[in-house]
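Report on the structure
Single-letter residue listing:
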Amino acid sequence: MSESASEWAIEVEGLTQKFRKGPLAVDGIDLHVERGEIYGFLGPNGAGKSTTVLMLTTLLPPTGGVARVGGFDIAREGGRVRSVIGAALQEAALDAHLTAREHMRLQTALQGVPKPERRARGDELIERVGLAEAADRKVGGYSGGMKRRLDLALALVHGPEILFLDEPTTGLDPQSRSSLWEEVERLADDEGMTVFLTTQYLEEADRLADRVGIIDRGKIVAEGTPAMLKAEVGEPSVSARAADPSDRGRLVEVLGRFGSASGPEDEDAAWVRLDPGCGGLVEVVRALDAEGLQVADLQLHEPTLDDVFLEKTGRKLEGAGEEQGDESGEFEAVSA
Amino acid sequence: MTGQLDSIYEVARRSFLRSMRQPAAFVPAIVFPLFLLAVNSAGLDAATGIPGFPTDSYVTFALAIPFIQGGTFTLLNSGTDLATDIETGFLNRMAMTPLGGPALLAGMLGGSMAIALIQTAFYIAIGFTVGADFAAGAAGVPMLFLLSLVICFAFSCVGVFTALRVGTGEAMQSMFPVFFVFLFFSSMAMPRDLIEQDWFRTVATINPLSYLIEGIRSLYVVGFDWEALGLAFGVSAILIAVFLSLAAASLRTTLVRT
């Protein structure tokens, strides 16, 4: 990799993780993340997101490929990589018997924050993530959202340039999710922090990410801005469900006049991706009416990142992970 | 260096606070050995009439046992705490800081030693309260503290190594009966030379716990028995050297950071 490439916050070429007696969890991926960018790494459970994060945060040696984080090689300069990154991994790694303030005290000490500054730094971060009132309560009594916010604050104690967030909002209620999104946006906008965010939520990637990489079965299948990826998919799609299931064949035939079959396999509904200039939903309704077809449900779907995933993999993002099983932790890494 | 010492102190502090805030784990570790001491002393007092028994007070003879049982609990607690850190990802959090593996181990073991200090002080106080003899006199008290802490340190090293191998709190807790088997097949209840069954005497002689018990017991029953004390410190030193090395090697494997 050339020296000039260090203008990137994260640069990855052919990164691979092969687990012993297990699958090829990450299969030679390439990606580049600009400084100050929020990069969304989207994919179903078991796609290879967390394994990638573990490698980029130096916690799992890669079995192939190269990656530089903050300009440092993850395999040879682990210590220097760790000095410029913060990470909140998939499970909020907290001690239920300590308070938020005690967590801050420990983390600031371990990260080498000068002693006179530790208390103020900890209090500032606790305040920023909205935990001031709960700062002296044991973390065991915190809600999931509070734990996530504390986890985020702990990742920030040493002022990292690059922040890794591995599914930061999984399991959170909408309010907690929204508040965490705001903080991530603030970190990128106000502090210029680079954020590498893994998620299985389309809405999260759509809302936060400047660019999105979609990973499936260890390979990146699409990459670009959310708008660009959705534009690649093209026109909206229409789904319809016949009032009488025996009319499904006719329904498919009528819809087929307006575009190509698309969408998930469904015994009842028919999906079609509309061709450009076909007249849109209005013409579809007219055609169904002309054929005397009664429909129980008719919907127009604007392209989403899920459509992008569907286009690239032939499957819907939701539920795709169930086919792949859980990733990471289950298998032993082959030595690099 | 100052930074590493500071980090070690903070890790030890966290380990101590965490233990003290789990009374369900900490209190039985202190009380259970005393319960066993009371039962044994009441049931086996007649053993003091056996020719050659080293004291006429079974409580004095048996007081060494709580120290060793307390050490066993130290082993389980330090091991369980580390295993929990592995399970919850807290170890990964610490692995992402500049803290080195040896410093992490030192901090964790330091926290266990603080707990061991409290246990030791408590057992010594109980001994004086129940009127047990203490042949080593006032000068023997610091020696008893030192030996007890060294033994607890050795046990903590075993606990940390075991935790790094088994990796879960549940698995660590399931090791409890194994450690108790070692205790029962030792010179816990009877001096080795008075054990009648040859096989039992042989097992107790092989069992390193016998020498740890006898070292502490010597201070209560004999005074400064340098041979018994030397063996106790020696066995502890071997346990520490072996299990600390194994723990350090296992930690390098567990913390597979680059």
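For the structure given in this document, a descriptive report is provided here.

The rules behind the values
- Residues numbered from 1 in each chain as written.
- Chains lettered and ligands numbered in written order.
- Predicted model: local features only at pLDDT ≥ 70, side-chain atom pairs only at ≥ 80, totals over all residues.
- Heavy atoms only, no water.
- Helix = DSSP H or I, 4+ residues; strand = E, 2+ residues; numbered from the N terminus.
- Rg over C-alpha atoms; globule rule 2.2 N^0.38 Å.
- Buried < 20%, exposed > 50% of the residue type's maximum accessible area, 1.4 Å probe, protein only.
- Contact = heavy atoms within 4.5 Å.
- Areas by Shrake-Rupley, 256 points an atom, 1.4 Å probe, with all protein chains shown as cover.
- Buried area = accessible area lost by both parts, 1.4 Å probe.
- Salt bridge = Lys/Arg side-chain N within 4 Å of Asp/Glu carboxyl O.
- Polar contact = N/O pair within 3.5 Å; in protein donor to acceptor, adjacent residues only side chain to side chain.
- Nonpolar A, V, L, I, M, F, W, Y, C, P; charged D, E, K, R; others polar.
- Pairing = 2+ DSSP bridges.
- Patch = residues over 30% accessible without salt bridge, like charges linked within 9 Å, V, L, I, M, F, W, Y side chains within 5 Å.
- Phe/Tyr/Trp six-rings, centres within 6.5 Å; stacked < 30°, edge-to-face > 60°.
- Lys NZ or Arg CZ within 6 Å of the ring centre and 35° of its normal.
- Axes fitted to C-alpha atoms, helices over the stretch in contact; angles between N-to-C directions.
- Parallel < 35°, antiparallel > 145°, perpendicular 65-115°, else oblique.
- Left-handed = near helix turned anticlockwise from the far one by under 90°.

In this section: the overall build of chain B. Summing up its helical and strand segments, chain B has twelve helices and zero strands in all. Ordered by position from N to C terminus, the α and β elements of chain B give α-α-α-α-α-α-α-α-α-α-α-α. Scaling as 2.2 N^0.38, a compact globule of 258 residues should have a C-alpha radius of gyration of about 18 Å, and chain B matches this with 19 Å. Each principal axis of the C-alpha atoms in chain B carries an extent, and together these give about 65 × 40 × 35 Å. When each of the 258 residues of chain B is scored for burial, the buried share is 53%. In chain B, the proportion of contacts linking residues at least 24 apart, taken out of those at least 6 apart, comes to 78%. In the form shown here, chain B has an accessible surface area of approximately 10,500 Å², with 71% of it arising from carbon and sulfur atoms.

Before going further, it helps to examine the interface of chain B and chain A. Across the boundary between the two partners, chain B contributes 25 residues, which contact 33 residues of chain A. Interface area for chain B against chain A, summed over the two sides, is near 2,600 Å², with a carbon-plus-sulfur share of 55%. Our count for the contact surface shared by chain B and chain A stands at seven salt bridges. With a closest N to O distance of 2.2 Å, Asp-151 of chain A and Arg-93 of chain B form a salt bridge. Where chain B packs against chain A, one counts seven residue pairs in polar contact (both at pLDDT 80 or more). For the side of chain B that touches chain A, the secondary-structure elements that each account for two or more residues are helix H1 (2–20) and helix H5 (90–95) of chain B. Split by residue class, the side of chain B that touches chain A holds ten nonpolar, seven polar and eight charged.

Below, the discussion takes up the pairing of strand S6 (residues 85–88) of chain A. Residue and element names in this part refer to chain A. Burial along S6 is two-sided: the face carrying Ile-85 and Ala-87 and the face carrying Gly-86 and Ala-88 are both buried. Relative to strand S7 (residues 162–166), S6 runs parallel, the two sharing four bridges. Note that in S7 the partner of Ala-87 across the bridge is Phe-164.

Residues and elements named next belong to chain B. Together, Val-181, Phe-184, Phe-185, Trp-199 and Val-203 make up an exposed nonpolar region whose accessible area comes to about 460 Å². Of all elements in the fold, only helix H9 (176–184) and helix H10 (198–206) reach the threshold of two or more residues within the nonpolar patch. By the secondary structure assignment, Trp-199 is in helix H10.

To continue, consider the packing of aromatic side chains. Tallied over the full model, the rule gives 20 aromatic pairs over all chains. One aromatic cluster is present, formed by Phe-67, Phe-122, Tyr-123, Phe-128, Phe-134 and Tyr-220 of chain B through successive ring pairs. Arg-177 of chain A extends its terminal NZ or CZ atom over the ring of Tyr-201 of chain A, reaching a point 4.2 Å from the ring centre. Its guanidinium or amino end placed over the ring of Phe-90 of chain B, Arg-14 of chain B lies 4.1 Å from that ring's centre, counting from NZ or CZ.

What follows covers unusual backbone geometry. All names here are of chain A. For Thr-58, which is not a glycine, the phi torsion comes out positive at approximately 70°. Looking at where Thr-58 falls in the secondary structure, it is placed in the loop between helix H1 (49–56) and strand S4 (64–69). Unusually for a residue other than glycine, Glu-167 sits at a positive phi of about 45°. Structurally, Glu-167 can be placed in the loop between S7 and helix H6 (174–191).

Right, let's talk about the packing of helix H8 (residues 226–233) of chain A against helix H11 (residues 305–313) of chain A for a bit. Residue and element names in this part refer to chain A. Across the interface, H8 lies against H11 with an axial gap of 9 Å and an inter-helix angle of 55°. Accordingly, the angle class assigned to the pair H8 and H11 is oblique. Our pair here, H8 against H11, has a crossing hand that is left-handed. Judged by residue contacts, Pro-226, Leu-229, Lys-230, Glu-232 and Val-233 of H8 engage Leu-305, Asp-307, Val-308, Glu-311 and Lys-312 from H11. Per-class residue counts for the contact of H8 with H11 are five nonpolar, no polar and five charged.

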